[in-house]
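Architecture and fold: a report
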Amino acid sequence: VCLFLGVWGDEFSVLRSPQTVIFQDGGWPLPGERIPDIAALSMGFSVEEDLPWPGLGVGDLFNRPRATVLVTVKGVDKLTLPEKGVSYPIENAVPFSLDSVANAIHSVFSEETPVILQLAPSEERVYMVGKANSVFEDLSVTLRQLRNRLFQENSILSSLPLNSLTRNNEVDLLFLSELQVLQDITSLLSRHKHLAKDRSPDLYSLELAGLEEIGKRYGEDSQQFKDASQILADSLQKFADEMYNLYSGNAVVEVVAVKAFNSALSRKTRSILQSTQSESDNPYNLAYEYNYDYAVIFNIILWMMIALALAVIVVSYNLWNMDPGYDSIIYRMTNQKIRMD
């Protein structure tokens, strides 16, 4: 039981999703390194490797969501979220990023400048592409900006019940500033509602580490940690509902709760020494699995060969039955010139 909880203690939750994206209800474990593939497949993009995970259904291939929002919460393996969505355990949580999904969106919809926002407030790490530069130009991204934003009139300090948290502690302020970022994102995006109706999909990737710092400061059994967990869960659900409504119900909002990333288990890599290994790794001389685009290349080559073969047959038939005196302008002009001479 302890081993099971240690491996599958983290959780992947889908708070809101449109009807065109189907998440099956079940306890299937999700590999941590395949979380970006879930975001890519749900948006209609292809991935390099097949994902044999039954949690994600086919859905409507011709009506994909207009936005994907993925929030990563560090320091807790599970949040007490409302029972609106579905949750899956994460198997071997490793660090991941949505750079591949962002590159796919940017390459396909580069002319339409989609909104791509990747933000980690505690690390002062921000990445904006497309129209996100103009939409979120007033968004607080540095720790100093976040602190100043909290003490403004319309901040969450005036409306959020702090309970055991305090305004005089830097760790508490860091946690509250991340909640302020969630509110500011929806507030700024509400001023540009037309972006939610365009053709290009948008991507939001947020990483929150304030709860982890509270756990280190007060302990996970403290009242501060319990209050912060409940406040974060309520804020995330409110954030999910607002993003879902801004995109008229055509957005996927996901939350990844990770106690601690297992840095020892990284993504699958290939060593350069594998090319010199003997055939003992494949004792049965089995063929290698073909690439995912094999069927596409095969059909292109097959029908191109058929088309060229038919073209050669038609041209050869017409040349064989051609009368040079009547069908060819070269022979016709030559005969007239000979007669004139």
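For the chain, the name recorded in an unreviewed UniProt entry is Renin receptor, with Nothoprocta ornata as its organism.

**So, the pattern of salt bridges**
Using the criterion set out here, one finds nine salt bridges in the structure. The partner of Glu-207 in a salt bridge is Arg-125, and the shortest N-O contact between them spans 3.4 Å. Of this pair, Glu-207 sits in strand β7 (residues 202-208) while Arg-125 sits in strand β6 (residues 125-129), placing them 82 residues apart in sequence. By relative accessible area, which is 19% here, Glu-207 ends up buried. Across the pair Arg-149 and Asp-184 runs a salt bridge whose closest N-O atoms are separated by 3.0 Å. With a gap of 35 residues between them, Arg-149 in helix α5 (residues 143-150) and Asp-184 in helix α6 (residues 170-190) connect regions that are remote in the sequence. Relative accessible area serves as the criterion here: at 9%, Asp-184 is assigned to the buried category. Several salt bridges converge on common partners, so that one network encompasses Lys-74, Glu-123, Arg-125 and Glu-207.

**Focus on the packing of α6 against helix α7 (residues 210-218)**
At their nearest, the axes of α6 and α7 sit 8 Å apart, and the two run at 160° to each other. By the criterion of interaxial angle, the relationship of α6 to α7 is roughly antiparallel. α7 is crossed by α6, and the crossing has left-handed handedness. Residue-level inspection shows Val-171, Asp-172, Leu-174, Phe-175 and Glu-178 of α6 in contact with α7, the latter providing Gly-210, Leu-211, Glu-213, Ile-214, Arg-217 and Tyr-218. Classifying every residue of the contact of α6 with α7 gives six nonpolar, one polar and four charged.

**Things to note about the nonpolar core**
By size, the foremost hydrophobic cluster in this structure holds 53 residues, and its most contacted members are Phe-136, Phe-175, Tyr-204, Leu-236 and Met-243. Apart from the residues lying within four places of it in its own chain, the contact partners of Phe-175 are Leu-165, Gly-210, Leu-211, Ile-214, Ala-228, Ile-231 and Leu-232. Counting residues in each nonpolar core, the second largest holds 32 residues, with Phe-23, Ala-40, Ala-93 and Phe-109 among its members.

**Here we look at the side chain of Asp-198**
Within the element layout of this structure, Asp-198 appears in the loop between α6 and β7. Within the buried core, Asp-198 has no salt-bridge partner, and the shortest N-O distance to an opposite charge, that of Lys-131, equals 4.0 Å. Aside from chain neighbours lying at most four places away, what touches Asp-198 is Arg-66 and Lys-131.

**Structural notes on the pairing of strand β5 (residues 116-120)**
For β5, the buried fraction is high: five of the five residues fall into the buried class. Residues Ile-116, Gln-118 and Ala-120 point to one face of β5 and Leu-117 and Leu-119 to the other, with burial holding for every one of them. Note that β5 and β6 share five bridges and pair antiparallel. Considered in β6, the bridge of Leu-119 is made with Val-126.

**Comments concerning α7**
Within the span of α7, buried status applies to Gly-210, Leu-211, Glu-212, Ile-214 and Gly-215. Gly-219 occupies a position one or two residues after α7 and carries a positive phi of about 100°.

**Looking at helix α3 (residues 99-108)**
Those residues of α3 lying buried are Val-101, Ala-102 and Ile-105. Buried residues of α3 fall within an arc of 100° about the axis and therefore sit on the same side. Buried positions along α3 lie against α2 (35-42), β5 and β7.

**Details of the sheet that holds strand β8 (residues 251-258)**
Pairing within the open sheet is mixed, and its eight strands lie in the order β2-β4-β1-β8-β3-β7-β5-β6. The open sheet has two edge strands, β2 (30-31) and β6, and neither has a second partner.

**What to know about the packing of aromatic side chains**
Aromatic ring pairs: the centre-centre distance and the angle between the two ring planes describe each pair. One pass over the full model with this rule turns up four aromatic pairs. For the ring pair Phe-96 and Phe-261, a centre distance of 6.3 Å and an interplane angle of 80° mean the geometry is edge-to-face. Residue Phe-96 is found in the loop between β4 (86-91) and α3, and its partner Phe-261 is found in the loop between β8 and α9 (294-320); the two are separated by 165 residues along the sequence. Pairing Tyr-204 with Tyr-247 gives two aromatic rings, centres 6.5 Å apart and planes at 70°, and the pair type is edge-to-face. Taken together, the residues Tyr-204 in strand β7 and Tyr-247 in the loop between α8 (223-246) and β8 connect sequence positions 43 residues apart. In this pair, the class of Tyr-204 matches that of Tyr-247, namely buried.

Rules of the game
- Residues numbered from 1 in each chain as written.
- Predicted model: local features only at pLDDT ≥ 70, side-chain atom pairs only at ≥ 80, totals over all residues.
- Heavy atoms only, no water.
- Salt bridge = Lys/Arg side-chain N within 4 Å of Asp/Glu carboxyl O.
- Helix = DSSP H or I, 4+ residues; strand = E, 2+ residues; numbered from the N terminus.
- Buried < 20%, exposed > 50% of the residue type's maximum accessible area, 1.4 Å probe, protein only.
- Axes fitted to C-alpha atoms, helices over the stretch in contact; angles between N-to-C directions.
- Parallel < 35°, antiparallel > 145°, perpendicular 65-115°, else oblique.
- Left-handed = near helix turned anticlockwise from the far one by under 90°.
- Contact = heavy atoms within 4.5 Å.
- Nonpolar A, V, L, I, M, F, W, Y, C, P; charged D, E, K, R; others polar.
- Core = buried A, V, L, I, M, F, W, Y, C linked by side-chain atoms within 4.5 Å.
- Lys, Arg positive; Asp, Glu negative; His and termini not counted.
- Pairing = 2+ DSSP bridges.
- Arc of directions from axis to C-beta.
- Phe/Tyr/Trp six-rings, centres within 6.5 Å; stacked < 30°, edge-to-face > 60°.

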